[in-house]
Amino acid sequence: MSGNKRKRSKNDISNIEHQILHSESILTVKIDENKKSSICWQYFGYLYRNDQLLDDLHYYCSLCVPNNLKSRYMKNSSTSSLLSHLATKHNINTSKIENAIVRVGSTSTDNAGVNKKTLLARKIALWLSRDLRPFNTTSTPGFKQFAMDTGLVKSLDELPSERTIAGSALNDVYQVVEDSLKKKMGEINSIFSLMADIWTDNNGNRPFINISIQYLSQDYRLNIIHLTTETFERPHTGEKIAKFIENVLQAFELQQKFYFISDGAKNMENAAKFLKNCLGHFKCIAHSLNLVLSVDLEKSPSFKVHWSPVIKKIKKIHGSIVYRLYELKQVYEKDQSKEIIGYLDEWEDVLAEEILTDENIGLNDGALSEIFNDMVNRMPEFNAFKVENTTRWNSKYSMIKSFLSNTNAINVCLAKVNQTDLILSPDELKKANAVCDLLGLFESSLKIFQSSTEPTANLIILFYNIINKKLSNYIDREEPYSDIWNQTLLSIKERIKVYDEFILASILDPSQCRSNILAQHCENIGSTPINIISLFLEKYELVLPIEMENSSSYLSENLTVPISLVSQMPVTNFKASLLMEIEGTEEIISADSIEEEYQKYIGLSLTFPKTGDILIFWNMHKNDLPRLSKLAKIILSLSPTSAECERAFSMSGVLLNSKRAHMNQTKARKVSLINSNYKLVDEIIHKKK
């Protein structure tokens, strides 16, 4: 019956379209007066020709008719689909941010007539998006029982349906996040960093693109915001990527200049050339290091001969005992217990000798128990035997390190499965340790550069010099694998470029602005800190007269001093003002020069601790150092990695798992935005409360 109805509907639509092509009569959409609960019913209704009803099985958009009849929706379509059409096709934002925040953030039934069931649906949509849980969670018997037992609802009829949660409720929460992000974009008044990356879903083989930004707020707090994660159809040309980024920036009304950070792919480099307000393109340092430790390292002849066979053997060992990893932990803990017991046996002999020579030494059960517990607490914890993952940075190091920490237990497990031929020889263990030493140099650096709470652009010079120093030390020892170390050093110098912006970031770090390393880098490029500062002040157009921001101590470079302010001025300015009045000259009193401001900054840095927060420093001294603080606000917001995009993709991997591989793309984009920016939603909700 329903099949015949759908078939008849298609025939009717075909006849309607035929009549349009062969008739001059005007088609219109009449709004259903009975539908007033959603704003979408101001735009959608039934299709009419003159006063004759043509189709009452579908809703049509009045903005599309009569030019386009394909924008039609079945009568049982959810309002979220209609709202989505208005937003995407006609750029009509149907959400009202203040009301939406109340609906999402409150559980009261007194808000604008919104019932408890609707409020509960939005709360659940927010929860499921935050935890990346399936939308059918509320349909399971366990959840229904939980809802009844805890009094969340009095009857199962009060529970919103899966369709409501994944439709209108999700759309409402999404609108809260999107509109809140647009409002937050209003606080960006300087240059920011834009990160972009493309990732392919393992389950559906769908390509996704992520756009994130990083900036410093007025009070010098680091902010990272994910603007979008959505499907990005092939081909991924530079021009297409640039156009997509421009559209996203336009949607969020971001017109400021920015730095573009991505991997070193050619299409990303080409995209940077098409971006209008792009000040420069930086290759992600984490991606570059990963290439050094994978592609470049494996090209070394010595690596292929000495290290590659050992790494392959460790992978094979993991494959042999992957189903006995729980047993591996048991063997490890048994070995630890034997080591502790053996140590305690020796400890008793030592104590016996001490007691004979010192009558004040006594030992009771409590003391032994305390010693034993302390030893147990200090024993290294079991480190799970991991395997290399090509999509994770430096995962080869994690695999080898976990193997070396479990060697004895692994050998026991290999013996149990009759794979003693896989046990590494002493020479192979030595090679495994050498690989671990090399890769371990970069582990902490990769973690630091992926920080999402502190600036990291100011650490590039330190990292570059320390890595060069350590690699050079290994080469100087003339070890058997020094050629591998040398190849790594050459790769670092080739792939890691120290941009002038990174040098400036170090200059504006009060804990290292006086370091010899920084001075050496400035000398290598034939410049000085003052020259670099002056260059970027001009580049960022910050050489204009300084604005008086809550301070009367510093004057604009083109501002003559009024006599009413002389009592508030330093003695030197006061004297100059009197001379100017007596002599009647046109001399202008200027604020500190760039050189004087820089020297003042150096003086302030003398008391700054090496572990101090540089953002707190600049927030405290933004009036004392007006030019440099504005420069710091730009340059310290610069991200040397696109790690934020990788975090978004990790979240997408959980969201689009094998059980949800065919999730609707629009729904996935909404969940991704809510999940990535949940802190912002949480702040808004609790602020309103």
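In this report, the structure presented in the accompanying data block is examined. Predicted model only: the values in this text are computed from it and were never measured. (Residues numbered from 1 in each chain as written. Predicted model: local features only at pLDDT ≥ 70, side-chain atom pairs only at ≥ 80, totals over all residues. Heavy atoms only, no water.)

Ordered in space as E1-E2-E3-E4, the 4 strands form an open sheet in which the pairing is antiparallel. A single partner strand is all that each edge strand has here, and the edge strands are strand E1 (27–31) and strand E4 (72–74). Adjacent strand axes in the sheet meet at a mean angle of 55 degrees, parallel and antiparallel pairs treated alike. With 3 bridges joining them, strand E3 (residues 52–61) and E4 adopt antiparallel strand pairing. Paired with Tyr 59 across the two strands is Tyr 73, which belongs to E4. (Pairing = 2+ DSSP bridges. Helix = DSSP H or I, 4+ residues; strand = E, 2+ residues; numbered from the N terminus. Axes fitted to C-alpha atoms, helices over the stretch in contact; angles between N-to-C directions.)

In this section: the side chain of Ser 180. Here Ser 180 is to be found in helix H6 (residues 162–184). Side-chain polar atoms of Ser 180 contact the backbone oxygen of Val 176, separated by 2.5 Å. (Polar contact = N/O pair within 3.5 Å; in protein donor to acceptor, adjacent residues only side chain to side chain.)

Attention now goes to the packing of helix H7 (residues 238–251) against helix H8 (residues 266–274). For the pair H7 and H8, interaxial distance at closest approach is 7 Å and the crossing angle is 55 degrees. Considering their axes alone, H7 and H8 lie oblique with respect to each other. In the crossing of H7 with H8, the sense of the turn from one axis to the other is right-handed. Across the interface between the two elements, Gly 238, Glu 239, Ile 241, Ala 242 and Glu 246 from H7 touch Asn 267, Met 268, Asn 270, Ala 271 and Phe 274 from H8. Residue composition of the contact of H7 with H8, by class: 5 nonpolar, 3 polar and 2 charged. (Parallel < 35°, antiparallel > 145°, perpendicular 65-115°, else oblique. Left-handed = near helix turned anticlockwise from the far one by under 90°. Contact = heavy atoms within 4.5 Å. Nonpolar A, V, L, I, M, F, W, Y, C, P; charged D, E, K, R; others polar.)

Next up on the list: the sheet that holds strand E8 (residues 258–262). Here we have 5 strands laid out as an open sheet, ordered E7-E6-E5-E8-E9, and mixed in their pairing. Unpaired on one side and paired on the other, strand E7 (222–231) and strand E9 (278–283) mark the two borders of the sheet. When the angles between neighbouring strand axes are averaged without regard to direction, this sheet yields 20 degrees. As defined by bridge partners, E8 adjoins E9 across 5 bridges and the pair is classed as parallel. Along E9, the bridge assignment pairs Phe 260 with His 281.

Before going further, it helps to spend a moment on the pairing of strand E5 (residues 192–200). With respect to burial, E5 is a largely interior element, 7 of its 9 residues being buried. Pairing geometry for E5 and E8, over 4 bridges, is parallel. For Ser 193, the partnering residue across the bridge sits in E8 and is Tyr 259. (Buried < 20%, exposed > 50% of the residue type's maximum accessible area, 1.4 Å probe, protein only.)

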